[in-house]
Amino acid sequence: FCLMAAPGKVAAFRLPPLPSIGEIIKLFRLKALKQLSQNFLLDLRLTDKIVKQAGELKNAHVCEVGPGPGGITRSILSAGVEQLLLIEKDARFIPGLQMLSEAAPGKVHIVHGDILTYKMEKAFPKHLKKSWEDEPPDIHIIGNLPFSVSTPLIIKWLENVSKRDGPFSYGRTQMTLTFQKEVAERLTANPGSKQRSRLSIMAQHLCTVENRFVIPGQAFVPKPEVDVAVVHFIPLVQPKIQQPFELVEKVVRSVFQFRRKYCFRGIETLFPENGRLKRTEQLMMTADVDPTLRPFQLSMSQFRKLCNAYRIMCEEDPSLFVFDYREELKRKKTTGNVLGSTGQPEQTEEENQL
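Naming follows an unreviewed UniProt entry, where the protein appears as rRNA adenine N(6)-methyltransferase of Dasyornis broadbenti. The protein has a UniProt comment under Sequence similarities (unreviewed entry) that states "Belongs to the class I-like SAM-binding methyltransferase superfamily. rRNA adenine N(6)-methyltransferase family. KsgA subfamily." Reading the Subcellular location (unreviewed entry) entry of the UniProt record for the protein gives the comment "Mitochondrion".

In structure tokens form, the structure reads like this:
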């Protein structure tokens, strides 16, 4: 089964002849489930191209998320990896993956489970660990993610990067993942871009993020309504905003809550109604940020200053950090008093004062 590559070739491993991905789908009667936003990639030239974006994989340890019928899996194995961990939630794909595992003896470990709950801290051998300041470890995460899971999963992994746990307990583990083209554009958007969003700040303050190439929707079966982009992440040695993940996420989420309005409108939602205007003014002045900028116009440096100023205010008044603007709105609705923060005349007056 295991053949050595010819001299000069990168791969030291070659898969034996196997049924095509299309034949695997027919053999095991696999059907992409719309409710799981599944789309299969059958073209092995494209799966090779995706895997190539991860960099040098010879003798590396790789975790593939949601391998499905195993197209990308074949390309990863052909790259000469040492070990491949497959995490697949859908039991229908396991028999086809087992066939691949038998074709690559000792290289493949299949886990039938959910990547959102799987404990990645124990996924790889301890000897692969590197210190955060070193080069990234010889560990890669690769995945053609279902659209429904891609955003919550990358937010979870960005939190892991911030805390240096999960798959990042081994060091600055690299990720090569697919997203809807629109989501990929948000992940990589620069200040002033219409795609600039919460996702842009959360990803770019923790990682180098590159949109590598776009795969047209017609390359997938069934064809999705959107194109797909391959995005590569390398965690930064130092985050651009050196504050806890939860604090940064709260500030950024608040700023983008009203993305078409002036940024101070979102920042107001960080504070309880009592003293809201005064505290918003204090935060904007301390951070030295123009309150009439739109959220998508703010630079990473301005977000850093806002987070640092908010941290100081939270240290002075710990109740601020646990304040939840939406909970305040719910309480108002139940008491029939929905003034101020919901855009009624009283709020406009506050905006004019500011």
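Additional details are given in the paragraphs that follow.
Attention now moves to the overall build of the protein. The helix and strand tally for the protein stands at 14 helices and 9 strands. Expressed as a percentage of the 354 residues in the protein, the buried residues total 50%. Look at the contacts in the protein between residues 6 or more apart in sequence, and 69% of them connect residues 24 or more apart. Surface accessibility of the protein: about 17100 Å² in total, with carbon and sulfur atoms responsible for 52%.

On to the sheet that holds strand 6 (residues 174-180), then. Across the sheet, which stays open at both edges, the 7 strands sit in the order 4-3-2-5-6-9-7 with mixed pairing between neighbours. Edge positions in the sheet fall to strand 4 (108-112) and strand 7 (207-215), since each of these pairs with one other strand and no more. The average undirected angle you get between the axes of adjacent strands in this sheet is 20°. By the bridge criterion, 5 bridges tie strand 2 (residues 61-65) to strand 3 (residues 83-88) in an arrangement that is parallel. Within the sheet, the bridge partner assigned to Val65 lies in strand 3 and is Ile87. Contacting strand 3 and strand 4, helix 4 (residues 94-103) runs over the sheet at an angle of about 165° to strand 4.

As a further point, take helix 2 (residues 44-52). Residues Leu46, Thr47, Ile50 and Val51 constitute the buried set of helix 2. The buried residues of helix 2 all sit within an arc of 140° when viewed along its axis, so they share a single face. Facing away from the buried side of helix 2 by over 90 degrees, the exposed positions are Arg45 and Lys52. Next to the buried residues of helix 2 lie strand 1 (40-41), helix 3 (71-78), strand 6, strand 7 and strand 9 (228-235). The backbone nitrogen of Arg45 lies 2.9 Å from a side-chain oxygen of the residue at the head of helix 2, namely Asp43.

Looking now at the side chain of Ser254. Tracing the chain through its elements places Ser254 in helix 8 (residues 245-255). Residue classification places Ser254 among the buried positions, given a relative accessible area of 5%. A distance of 2.8 Å separates the side chain of Ser254 from the backbone oxygen of Lys250, its partner in a polar contact. Aside from chain neighbours lying at most four places away, what touches Ser254 is Gly266, Ile267, Thr269 and Leu270.

Attention now goes to the pattern of salt bridges. Enumeration according to the criterion identifies 15 salt bridges in this entry. Taking the shortest distance from any N to any O, the salt bridge between Glu210 and Arg212 comes out at 2.8 Å. Residue Arg212 is classed as partly exposed on the basis of its relative accessible area, which comes to 30%. Ionic pairing is found between Glu268 and Arg265, a salt bridge with its closest N-O pair at 3.4 Å. Overlapping salt bridges bring together Glu159, Lys163 and Glu246 as one network.

The residue Asn59 is not glycine, and still its phi comes out positive at about 65°. As for its placement among the helices and strands, Asn59 is situated in the loop between helix 2 and strand 2. What makes Asn59 partly exposed here is its relative accessible area of 44%. For Arg164, which is not glycine, the phi torsion reads 55° and is therefore positive.

Once that is clear, we can look at the packing of aromatic side chains. In total, this model carries 5 aromatic pairs according to the counting rule given. Ring geometry for Phe179 versus Phe233: centroids 6.1 Å apart, planes at 65°, classification edge-to-face. Taken together, the positions of Phe179 in strand 6 and Phe233 in strand 9 put the pair 54 residues apart, joining distant regions of the chain. When sorted by exposure, Phe179 lands in the same class as Phe233, which is buried. A ring pair is formed by Phe256 and Phe303, whose centres lie 5.9 Å apart and whose planes are at 15°; its orientation type is stacked. Here the residue Phe256 occupies a position in the loop between helix 8 and helix 9 (263-267), and Phe303 occupies one in helix 11 (residues 300-316), the gap between them amounting to 47 residues. Residue Phe303 is classed as buried on the basis of its relative accessible area of 0%. Seen from the ring of Phe213, Lys49 lies directly overhead, with NZ or CZ sitting 4.3 Å from the centre.

Conventions adopted
- Within every chain, residues take consecutive numbers counted from 1 along the sequence as written.
- Local features in a predicted model are, by the rule used here, given only for residues with pLDDT of at least 70; side-chain atom pairs are given and counted only at 80 or more, and totals for whole chains, interfaces and linings are based on all residues.
- Based on all heavy atoms of the structure, the side-chain values leave hydrogens and waters out of the count.
- UniProt positions are given in the numbering used here, feature names are shortened, and annotations may be inferred rather than shown by experiment.
- Under the DSSP-based scheme used, a helix requires at least four consecutive residues in state H or I and a strand at least two consecutive residues in state E, with every element numbered from the N terminus.
- Relative accessibility decides the category of a residue: with a 1.4 Å probe and only protein chains considered, values under 20% of the type maximum give buried, values over 50% give exposed, and everything between is partly exposed.
- Note on contacts: a residue pair is in contact if any heavy atoms of the two residues lie within 4.5 Å.
- For the accessible areas, the method is Shrake-Rupley and the probe is 1.4 Å, while residue cover comes only from the protein chains on display.
- Note: two strands are recorded as paired if DSSP finds a minimum of 2 bridges between them.
- Only the stretch in contact is used when fitting a helix axis, every axis being a line fitted to C-alpha atoms; angles between N-to-C directions are given from 0 to 180 degrees.
- For this quantity, the arc is that covered by the directions from the helix axis to the C-beta atoms.
- The definition of a polar contact used here is a pair of N or O atoms within 3.5 Å, where within protein one atom must be able to donate a hydrogen and the other to accept one, and adjacent residues in sequence count solely through side-chain atom pairs.
- Put simply, a salt bridge is a Lys or Arg side-chain nitrogen that is within 4 Å of an Asp or Glu carboxyl oxygen.
- Each aromatic pair joins two rings of Phe, Tyr and Trp (for Trp, the six-membered one) with centres within 6.5 Å, and gets the label stacked for planes under 30 degrees apart, edge-to-face for over 60, and tilted for any other angle.
- Sitting over a ring, as applied to charges here, requires NZ of Lys or CZ of Arg to be within 6 Å of the ring centre and within 35 degrees of the ring normal.

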